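Here is how the chains run, residue by residue.
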Amino acid sequence: MPLKQDAKIIIIDDMQTMRKIIKNMLLKMGHKNLEEADDGIPGWEMIQNAHESGKPYDLIISDWNMPGMTGIDLLKKIRSTDAYKKMPFLMVTAEAEQQNVIIAVKAGVSNFIVKPFSAVQLQDKIDKIFK
Amino acid sequence: MSTHEKFINFSKPFIDGAKNVFKTMVFSELEHGKPQLKSNPIAKGDISAIMGLSGKLIKDGQETTFKGMFVMSFPESTYCKVASAMLMEEHSEITDDIIDVGAELTNIITGNAKKNLNPDGYFLDMSTPSTVSGKDHKVNYPSNTIVIMIPMNSSHGEFFIELCYQDG
């Protein structure tokens, strides 16, 4: 089932520019229920708070390289917690090497997108998670 | 392989990466001008994004280390137009809203270059990019290194790529 337009999405990236790019791409796709975190640490807190409030995120879009908690550490934390085991997680990274893909897949990533990407490519990666 | 040859091999993936990133995320084709040797630390642009580089080169069974820097230096007008295109919103001056656009560009381009340097034996470690701005600001390169500057032309205006490479 495709991701609904009112789906609750969190964008986690330490760079304001990339958060804004992803946010604007998602807005153009019709998604309006968007939240942001500037690192994996506040992102993890927001994920837990959203779950406890009964309104969990439908999709996490997270950068890999962040100074506090990296995207891969956040993903491992999520997958090791029963409540979030199946939470859709799209990893964004600037590093396109094969070994990174393998690490992310082993950690249980739902899909993987390498920068640079267009809105069409982002949509395609999200669609593949929810097909 | 001479340092000069290594420099050429090392630089090309950054130029190709910049072209790829601009085409996809800035909606502009890039053309590069003639590389020039740069002999002073004054940046050509009003704002520069700087990525420190280090890593190892494995060639003919021998492993050596290297250091370098990748810099993108923009005149203010080009920077604002690039930021406006990338963020899909209008910006006419450099504010906190767009201050990390250049740093994000160096990050993405270096990520692309990193993959494309692997087949030539270069294994690159990326650092966190930084930004320096202001008229006639300086970019401090390591001493005794060669710095090349490559003028880049886009539909948003001219900017400059600067690269340095050093064995060791």
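Remember, predicted model here, so these are calculated numbers, not experimental data. (Residues numbered from 1 in each chain as written. Chains lettered and ligands numbered in written order. Predicted model: local features only at pLDDT ≥ 70, side-chain atom pairs only at ≥ 80, totals over all residues. Heavy atoms only, no water.)

S.K.: Requested: an account of the sheet that holds strand β3 (residues 59-63) of chain A, with residues and values cited.
M.R.: Residue and element names in this part refer to chain A. Spatial ordering of the open sheet is given by β2-β1-β3-β4-β5, a layout of five strands whose pairing is parallel. Each edge of the sheet is formed by a strand with only one pairing partner; in this case those strands are β2 (34-37) and β5 (111-114). Each adjacent strand pair in this sheet contributes to an overall mean axis angle of 20 degrees, direction not counted. Bridge count for strand β4 (residues 89-93) against β5 is four bridges, and the pairing is parallel. Bridge pairing in β5 places Val92 opposite Ile113. Its contacts with the sheet place helix α5 (residues 119-130) against β3, β4 and β5, and it is angled at close to 170 degrees to β5. (Pairing = 2+ DSSP bridges. Helix = DSSP H or I, 4+ residues; strand = E, 2+ residues; numbered from the N terminus. Axes fitted to C-alpha atoms, helices over the stretch in contact; angles between N-to-C directions. Contact = heavy atoms within 4.5 Å.)

S.K.: How would you sum up the pattern of salt bridges? Please name residues and give values.
M.R.: Following the criterion strictly, the structure yields eleven salt bridges over all chains and no others. In this structure, a network of salt bridges that share partners links the residues Arg19, Lys23 and Glu36 of chain A. (Salt bridge = Lys/Arg side-chain N within 4 Å of Asp/Glu carboxyl O.)

S.K.: Lay out the packing of aromatic side chains with the relevant residues and their values.
M.R.: Under the counting rule described, the total for this entry stands at 13 aromatic pairs over all chains. Arranged with centres 5.6 Å apart and planes meeting at 75 degrees, the rings of Phe66 of chain B and Tyr122 of chain B form a pair that is edge-to-face. Residue Phe66 of chain B is located in strand β4 (residues 62-74), and its partner Tyr122 of chain B is located in strand β5 (residues 122-126); the two are separated by 56 residues in the primary sequence. Exposure remark for Phe66 of chain B: the relative accessible area of 1% places this residue in the buried category. The buried category is assigned to Tyr122 of chain B, whose relative accessible area is 0%. On the basis of an interplanar angle of 25 degrees and a centroid distance of 4.9 Å, the ring pair of Phe74 of chain B and Phe159 of chain B is categorised as stacked. With Phe74 of chain B in strand β4 and Phe159 of chain B in strand β8 (residues 157-167), the pair connects residues that are 85 residues apart, well separated along the chain. The pair formed by Phe74 of chain B and Phe159 of chain B is uniform in burial state, with each residue classed as buried. One residue, Lys8 of chain A, lies across the ring of Tyr57 of chain A, its end atom 4.9 Å from the ring centre. (Phe/Tyr/Trp six-rings, centres within 6.5 Å; stacked < 30°, edge-to-face > 60°. Buried < 20%, exposed > 50% of the residue type's maximum accessible area, 1.4 Å probe, protein only. Lys NZ or Arg CZ within 6 Å of the ring centre and 35° of its normal.)

S.K.: Which residues make up the side chain of Asn24 of chain A, and what values do they have?
M.R.: Tracing the backbone shows Asn24 of chain A in helix α1 (residues 16-28). With near-sequence residues (within four places) excluded, Asn24 of chain A lies in contact with Leu87, Met88 and Glu89 of chain B.

S.K.: Give a detailed account of the environment of Lys20 of chain A, specifying residues and quantitative values.
M.R.: Along the chain, the position of Lys20 of chain A falls in helix α1. Judged by its relative accessible area of 17%, Lys20 of chain A falls in the buried class. Between the C-alpha atoms of Lys20 of chain A and Glu36 of chain A, which are 16 residues apart in sequence, the distance is 9.3 Å. Those residues in contact with Lys20 of chain A, other than ones at most four positions away along the chain, are Leu87, Glu89 and Asp97 of chain B.

S.K.: Now, about the side chain of Thr24 of chain B: what can you tell me, with residues and values included?
M.R.: One can find Thr24 of chain B in helix α1 (residues 3-26). Its relative accessible area of 18% is what places Thr24 of chain B among the buried residues. With sequence-adjacent residues up to four places away left out, Thr24 of chain B is seen in contact with Pro116, Phe117, Ser118 and Gln121 of chain A.

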